[in-house]
Each structure stands twice: as structure tokens, then as C-alpha cells.
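A closer look at the structure
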Amino acid sequence: ETRPTFPIEMIDAFEAQFGVTEGKRRNHTKGFCFEGHLAPQESSIALYSNATMFKAPSRVIGRLSHSGGNNEAPDNQFGGVGIGLSILDQDGNNSRMALNTLDFFPVATPEAFLALNQAKALGKDAVAKVKQKYPEIGTFGAHMAKKDKTVKPYEDQTYNGVNSFYFVDEAGTKTPFRWTFTPTKQHGINVDTGTDFFFDNLASSLKRGEVSWDMTAILANSEDDINNAAVQWTGEHKTVTPTRLVIERISPESEGRCDTIVFDPLVLAKGLAPSDDPILLIRSPVYAVGAGRRLSEKAE
Ligand code: HEM
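Rules and cut-offs
Residues numbered from 1 in each chain as written. Predicted model: local features only at pLDDT ≥ 70, side-chain atom pairs only at ≥ 80, totals over all residues. Axes fitted to C-alpha atoms, helices over the stretch in contact; angles between N-to-C directions. Helix = DSSP H or I, 4+ residues; strand = E, 2+ residues; numbered from the N terminus. Parallel < 35°, antiparallel > 145°, perpendicular 65-115°, else oblique. Left-handed = near helix turned anticlockwise from the far one by under 90°. Contact = placed C-beta atoms within 7 Å. Near = placed C-beta within 6 Å. Nonpolar A, V, L, I, M, F, W, Y, C, P; charged D, E, K, R; others polar. Pairing = 2+ DSSP bridges. Buried ≥ 20, exposed ≤ 12 C-beta atoms within 10 Å, placed from the backbone. pLDDT = per-residue confidence, 0-100.

Topic: the packing of helix α1 (residues 6–18) against helix α6 (residues 278–299)
One way to put it is that α1 packs onto α6 with a least axis distance of 9 Å and a crossing angle of 60 degrees. The angle between α1 and α6 places the two elements in the oblique class. The chirality of how α1 crosses α6 is right-handed. Contact with α1, carried on its side by Phe6, Pro7, Ile8, Met10 and Ile11, involves Ile282, Pro285, Val286, Val289, Gly290 and Arg293 of α6 and no other residues of that element.

Some remarks on the site of the ligand
What surrounds the ligand is a group of 32 residues, the closest being His28, Arg63, Gly82, Gly84 and Val162. Those elements that place two or more of their residues in the shell around the ligand are α1, β2 (58–66), β3 (81–88), β4 (94–100), α2 (110–122) and α6. Broken down by element, the shell around the ligand gets its largest block of residues, eight residues, from α6. Looking at the shell around the ligand residue by residue, the classes come out as 17 nonpolar, 10 polar and five charged.

Comments concerning the environment of Thr260
Note on placement: Thr260 falls in the loop between β9 (239–251) and β10 (272–274). Here the alpha-carbon distance between Thr260 and Lys24, two residues 236 residues apart in the chain, equals 9.6 Å.

Considering the pairing of strand β8 (residues 211–219)
Where strand β7 (residues 174–183) and β8 come together, seven bridges link them in antiparallel fashion. What sits directly across from Phe181, in β8, is Met215. Taken together, the seven bridges between β8 and β9 define a ladder with antiparallel strand orientation. Across the sheet, residue Trp213 finds its bridge partner in β9, namely Leu245.

A closer look at unusual backbone geometry
In this structure, His28 is a non-glycine residue whose phi angle is positive, near 50 degrees. Tracing the backbone through its elements, the reader meets His28 in the loop between α1 and β1 (31–40). Taking the number of C-beta atoms within 10 Å as the measure of exposure, His28 has 24 and is therefore buried.

Notes on the pairing of β2
The buried count for β2 comes to seven of nine residues, which makes it a mostly enclosed element. Of the strand pairs in this sheet, β1 and β2 are connected by eight bridges, and their pairing is antiparallel. In the strand pairing of β2, His37 is matched with Arg59. Relative to β3, β2 runs antiparallel, the two being bridged by eight bridges. What sits directly across from Val60, in β3, is Ile87.

Focus on the packing of α2 against helix α3 (residues 124–133)
Two elements in contact, α2 and α3, have axes separated by 6 Å at closest approach and are oriented at 160 degrees. Considered as vectors, α2 and α3 are oriented roughly antiparallel to each other. Taken as a pair, α2 and α3 cross one another with a handedness that is left-handed. Two secondary-structure elements touch here, α2 through Ala115, Leu116, Ala119, Lys120 and Leu122 and α3 through Ala126, Val127, Lys129 and Val130. For the contact of α2 with α3, a count of residues per class yields seven nonpolar, no polar and two charged.

Quick look at the environment of Phe6
The topology assignment puts Phe6 in helix α1. Each C-alpha atom of the pair Phe6 and Glu72 lies 28 Å from the other, and the pair is 66 residues apart in sequence. Excluding anything up to four places from it in sequence, Phe6 contacts Pro110 and Ile282.

Describing the environment of Gly123
Its location among the elements puts Gly123 in the loop between α2 and α3. Gly123 sits 106 residues away from Gln17 along the chain, and the two C-alpha atoms are 9.7 Å apart.

Observations concerning the confidence of the model for the chain
Overall, the predicted model of the chain reaches an average pLDDT of 97, with 100% of residues at or above 70. The ipTM value of the predicted complex is 0.96, and its pTM value is 0.97.

Spelled out as C-alpha cells, the structure:
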């Protein structure tokens with residue numbers, strides 16, 4: 001149970017850390033829109049989920065973005081990136097997803113994430129204190145230190161759901177899983193690089209061929225921690241790839257259809273359900289508070 005003011009405190013912490021770009025998102029601020037579709041793949045998904053999006057093609061409006069609240073985040077330096085999807089299936093149901101390039105989350109609870117972000121606005125000493133209180137931040141830091149820091153365009157990234165969800169079948173049986181979107185090929189960097197080349201690179205990749213990801217679900221083993229996003233699932237896992245995300249076209253936010261969409265991961269059609277992961281459950285009200293601020297700035 002989190003206090004009602006938590007989402008406001010969380011958005012205030014992003015604003016203290018990054019400042020405000022009026023009318024823009026408070027996190028994942030820099031990005032652009034795309035449109036595309038989902039193409040169903042493995043019919044064995046019917047064992048786990050009766051979602052329409054896995055049976056018939058769906059339309060997608062999405063957004064690719066840099067993590068963090070810096071609207072000038074450079075494309076030519078390593079950093080986290082993300083993808084948001086708003087999926088309209090053939091029965092008219094809408095589902096939303098937002099994934100990023102983390103292998104697991106730095107903290108297990110909303111309270112720890114708030115403390116970490118408030119500390120980042122204050123400086124190194126404050127962050128060191130938060131790290132002492134939440135040792136999982138150290139585990140995460142050690143993992144990130146070993147990660148390949150090669151700059152990759154949005155279309156070459158693997159995106160992870162980080163939080164767990166459930167597939168739900170016709171009988172209501174639930175199967176816990178985590179998403180991982182794997183690019184079906186590597187496109188590489190094909191344009192001049194600078195602080196802003198991701199849009200042009202994706203435009204060029206689209207001209208050369210299909211830009212797509214296999215949307216693979218990693219099914220939980222019995223010992224996996226479902227409700228703790230700070231714990232990575234390791235070892236052998238059963239997977240199923242119910243569908244493929246295909247990008248058709250991209251547009252700047254000012255011209256695209258994604259800008260007013262809130263990629264709230266709790267908007268889910270039948271066949272999918274959220275886990276009890278507290279990090280997942282807090283995202284919905286936090287994104288809503290952020291959306292309230294940015295959309296009212298636009299309305300002024
Ligand atoms: C407590 C944890 C988290 C907080 C407080 C948080 C906060 C936010 C906020 C404020 C936004 C902007 C929302 C908007 O204005 O519409 C955002 C966007 C986003 N978040 Fe999170 N987030 C959290 C966890 C996560 C996790 C675990 C993931 C991925 C696995 C994720 C992926 C994304 C992505 C991809 C976007 C951009 C979506 C778009 O293009 O609008 N976030 N987040």
C-alpha cells in the first residue's frame with residue numbers, strides 16, 4: 001500500500017533531477033513515434049493465453065525513446081532506451097506496454113526508486129547513502145559495469161519487460177512470464193552519426209527491409225521471483241513467441257500519433273494480467289500524474 005501522494009513525489013523527483021521540458025514526458029523525454037502491426041507467430045500460445053492479439057493481426061501505435069528526462073539525450077553515447085506500444089486488436093481491445101533495455105530493475109520497491117531519484121538530484125553523497133540502505137542497487141551497478149557499451153540504434157536493441165505479467169487462458173489459468181523483444185536482424189549504423197541520428201538511421205533501415213522484433217515470453221520457473229523486478233531470472237527457461245512487432249513508418253512526435261498516449265502497462269486486454277510486482281503497479285498512477293502535467297502544459 002503506497003500513500004496517495006507517492007506518484008506526485010515521484011514526478012517531482014524526476015523534475016528535480018532533469019528539469020522540465022514543457023509539454024513533454026518527465027521520463028523517456030526524447031523520442032519519436034512509429035506505426036506498425038503485430039503478426040501472430042507460434043500458435044502454442046493458445047495453451048497459455050486467449051488474447052485476440054495473438055490470434056489475428058493487430059495495429060500498433062508506438063514510441064521509441066531514451067531513458068531519463070533529458071530531451072537532448074545524445075544518440076551517440078551509450079544509454080538506456082525504451083519502447084512503448086499501444087496495441088489495437090481485431091476485437092477492438094487496447095493493450096499497452098512499455099519496455100526498456102535493462103536486464104533487471106535497480107530496486108525492488110517504489111519507495112527505494114523514489115529515494116534513489118531524489119538522491120540523484122542532490123548529488124553523490126546522497127546517492128551513496130541510498131545505496132547503503134538498498135544493497136540491490138550495488139548488485140545492479142555491478143551488472144551494468146560489465147555490460148557491452150557499444151552504441152546501437154533503436155532498431156538493433158533487445159527490449160525487456162522487466163516486470164512480470166500473467167498469460168490467462170479461457171479457463172482463467174494463469175502463467176507468469178516476462179517479455180523480451182528480440183530484433184529479427186541487426187541493421188547497423190547506416191547514416192552520419194551525431195547527437196541526433198536515431199531517427200534517420202531507422203528511416204534508412206526501413207528503406208532497406210523489414211524492421212521487426214520477435215515478442216518472446218520467458219515463462220517463469222517455479223523458483224523464479226515474480227514480484228521482484230530487481231531479481232533477474234537465470235538459467236534454462238521455456239519460451240513462447242506469440243507474435244512479431246513490425247514497424248511500418250516513423251514520424252517526429254509533433255507529427256505522429258503517439259504524443260498524447262500514456263503507455264500505462266496496466267492497460268491490458270483479456271488474456272493478459274499484471275503481476276503483484278509493486279514496481280509495476282505504481283507505474284500506472286505515476287505515468288498518469290506525469291501525463292496530467294505535460295498535457296495541461298500543452299493545453300495552456
Ligand atoms: C517505479 C518505476 C518506474 C517509474 C516511476 C517510471 C516512470 C516513468 C514516467 C514518469 C514515464 C513518462 C510517462 C508519460 O509521461 O507518459 C515513463 C515512461 C516510460 N517508462 Fe517508466 N517508470 C518506471 C518503471 C519502468 C520500467 C520497469 C520500465 C520498463 C521495463 C519502464 C519503461 C518506460 C518506457 C519505455 C517509457 C516511455 C514510454 C513512452 O514512450 O511514453 N518504466 N516512466
